[in-house]
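Take a look at the letters that make up each chain.
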Amino acid sequence: MTLRIIATGGTFDKHYNELNGVLGFAESHLPEVIARSRMTIPVELQVVSLLDSLDMQDSDRRNVLAACQGASEKQIVIVHGTDTMRETAEVLGAAVSDKTIVFTGAMIPYEIANSDALFNLGFACAAAQTLPPGVYVAMNGKVFTWDNVTKNRAAGVFQAL
C-alpha cells in the first residue's frame, strides 16, 4: 500500500522571508516533513499548487479533485490551507466515494517554532489508513466528516457544526 500526499499550499507550506517579513511560497516543505516524520509507509508526493487557500478558485478545486480521481492510491492526504479547507472538501465529498481522503493543514507554518504542521500531517496519515472511504478533515487530534466541520476563527480550532 502506498499513501498519496497532495500539497496545495496553505499556512503549512509558507516560508518566512527575513528580508521583508512576509509569509509566502517558495517550494513545499513536504519532502523535508516526510523525511523528518520517519514514516515507513511508501509515500507518493504530488504538488498540485502552492496557494493560500483564500486565493483558491473553483478551477484549483477541480485540479485537486482531478488529482484524487487520477490517483491509483486509495488513501490520500491533502495538505490545504485552513481558511477554505471545508469548501474544497465539499467538492471532493460530493464526487469521490471509493477512496479515503483526509484534509489537514496548520495554523502555524511548518518552519516556525511551535508549529502544529508535523503533528497534523502524522495524524492525518494515520487517519487515512484507518478510516473507511469518505472525505474527512483531521486537525489537532480530531477527525471530522467533510459535511460536519467548520473553522472557529476566534478559537483557532476546527469543530463540528
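All figures in this text were calculated on a predicted structure; none of them were measured in a lab.

1. Describing the state of the cysteines
- Evaluation of the coordinates by the stated rule reveals zero disulfides.
- C68 forms no disulfide, and the closest cysteine sulfur to it belongs to C125, at a distance of 14 Å.

2. What to know about the sheet that holds strand 7 (residues 134–139)
- Strands sit in the order 4-1-5-6-7-8 across an open sheet of six strands; the sheet is mixed. Every interior strand has two partners, whereas the edge strands, strand 4 (43–51) and strand 8 (142–145), have only one. Averaged over all adjacent pairs, the angle separating strand axes in this sheet is 20°, with direction ignored.
- As judged from the four bridges shared by strand 7 and strand 8, these two strands associate in the antiparallel manner. In the sheet register, A138 faces strand 8, and the bridge partner there is V143.
- Where helix 1 (residues 30–37) meets the sheet, its contacts fall on strand 1 (3–9), strand 4 and strand 5 (75–79), and the angle it forms with strand 4 comes to roughly 145°.
- Running at roughly 170° to strand 4, helix 2 (residues 58–70) makes contact with strand 1, strand 4, strand 5 and strand 6 (100–104) of the sheet.

3. Concerning the environment of V64
- Its place among the elements puts V64 in helix 2.
- When its relative accessible area of 0% is taken as the criterion, V64 is described as buried.
- Along the sequence, V64 and L92 sit 28 residues apart, while their C-alpha atoms lie 8.3 Å from each other.
- In contact with V64, not counting residues within four places along its chain, are T8, V48, M56, I78, T88 and L92.

4. A closer look at the environment of N140
- The topology assignment puts N140 in the loop between strand 7 and strand 8.
- For the pair N140 and L121, spaced 19 residues apart in the sequence, the C-alpha separation amounts to 9.6 Å.
- In this structure, N140 is in contact with D116, F119 and N120, ignoring residues within four places of it in sequence.
- Within the local environment of N140, its side chain forms a polar contact with the side chain of D116, the two groups lying 3.3 Å apart.

5. Details of the packing of helix 2 against helix 3 (residues 85–93)
- Two numbers describe how helix 2 lies on helix 3: the axes approach to 10 Å, and their chain directions differ by 45°. By the angle class used here, helix 2 and helix 3 are oblique. Our pair here, helix 2 against helix 3, has a crossing hand that is right-handed. On the side of helix 2, the interface is formed by R61, V64, L65 and C68, while helix 3 contributes E87, T88, V91 and L92.

6. Considerations on the pattern of salt bridges
- Within this structure, the stated rule accounts for six salt bridges.
- The residue R4 makes a salt bridge to E73 at a minimum N-O spacing of 2.6 Å. On the criterion of sequence distance, the pair formed by R4 in strand 1 and E73 in the loop between helix 2 and strand 5 is long-range, its members being 69 residues apart.
- R4 sits in the buried class, given a relative accessible area of 12%.
- For E73, a relative accessible area of 9% puts it in the buried group.

7. Details of helix 2
- In this model helix 2 runs 18 Å from its N-terminal to its C-terminal C-alpha over 13 residues, within 8% of the 18 Å that 1.5 Å per residue would give.
- Where helix 2 is concerned, the buried positions are D60, R61, V64, L65, A67 and C68. Angularly, the buried residues of helix 2 cover 160° about the axis, an arc narrow enough to put them on a single face. Away from its buried face by more than 90 degrees, helix 2 exposes D58, R62 and G70.
- Those residues of helix 2 that are buried lie in contact with strand 1, strand 4, strand 5, helix 3 and strand 6.

What counts, and where the lines are drawn
Within each chain, residues carry numbers counting from 1 in the order of the written sequence. Since the coordinates come from a predicted model, pLDDT governs what is reported: local features require at least 70, and pairs of side-chain atoms require 80 or more to be given and counted, while whole-chain, interface and lining totals use all residues. In computing side-chain properties, one takes all heavy atoms of the structure into account and sets aside hydrogens as well as water. By convention in this document, the label disulfide applies to cysteine sulfur atom pairs within 2.5 Å. A pair of strands is labelled paired if DSSP reports no fewer than 2 bridges between them. Helix and strand definitions follow DSSP, with helices as H or I runs of at least four residues and strands as E runs of at least two, each counted in order from the N terminus. Here an angle of 0 to 180 degrees is reported between the N-to-C directions of two axes, which are lines fitted to C-alpha atoms, with helices fitted over the stretch in contact. In this description, contact between two residues means that some pair of their heavy atoms is separated by no more than 4.5 Å. With a 1.4 Å probe rolled over the protein chains alone, any residue whose accessible area is under 20% of its type maximum counts as buried; one over 50% counts as exposed, and the rest are partly exposed. Distance and chemistry together define a polar contact, namely a pair of N or O atoms within 3.5 Å, with one atom able to donate a hydrogen and the other to accept it when in protein, and with adjacent residues in sequence counting only for side-chain atoms on both sides. Put simply, angles under 35 degrees are roughly parallel, angles over 145 are roughly antiparallel, angles from 65 to 115 are roughly perpendicular, and the rest are oblique. Left-handed is the label given to a crossing in which the near helix is rotated counterclockwise from the far helix by less than a right angle, and right-handed is the label when the rotation is clockwise. Salt bridges are defined as contacts in which a side-chain nitrogen from Lys or Arg sits within 4 Å of a carboxyl oxygen from Asp or Glu. An expected span of 1.5 Å times one less than the residue number is assigned to each helix. What the arc describes is the spread of directions from the helix axis to the C-beta atoms.

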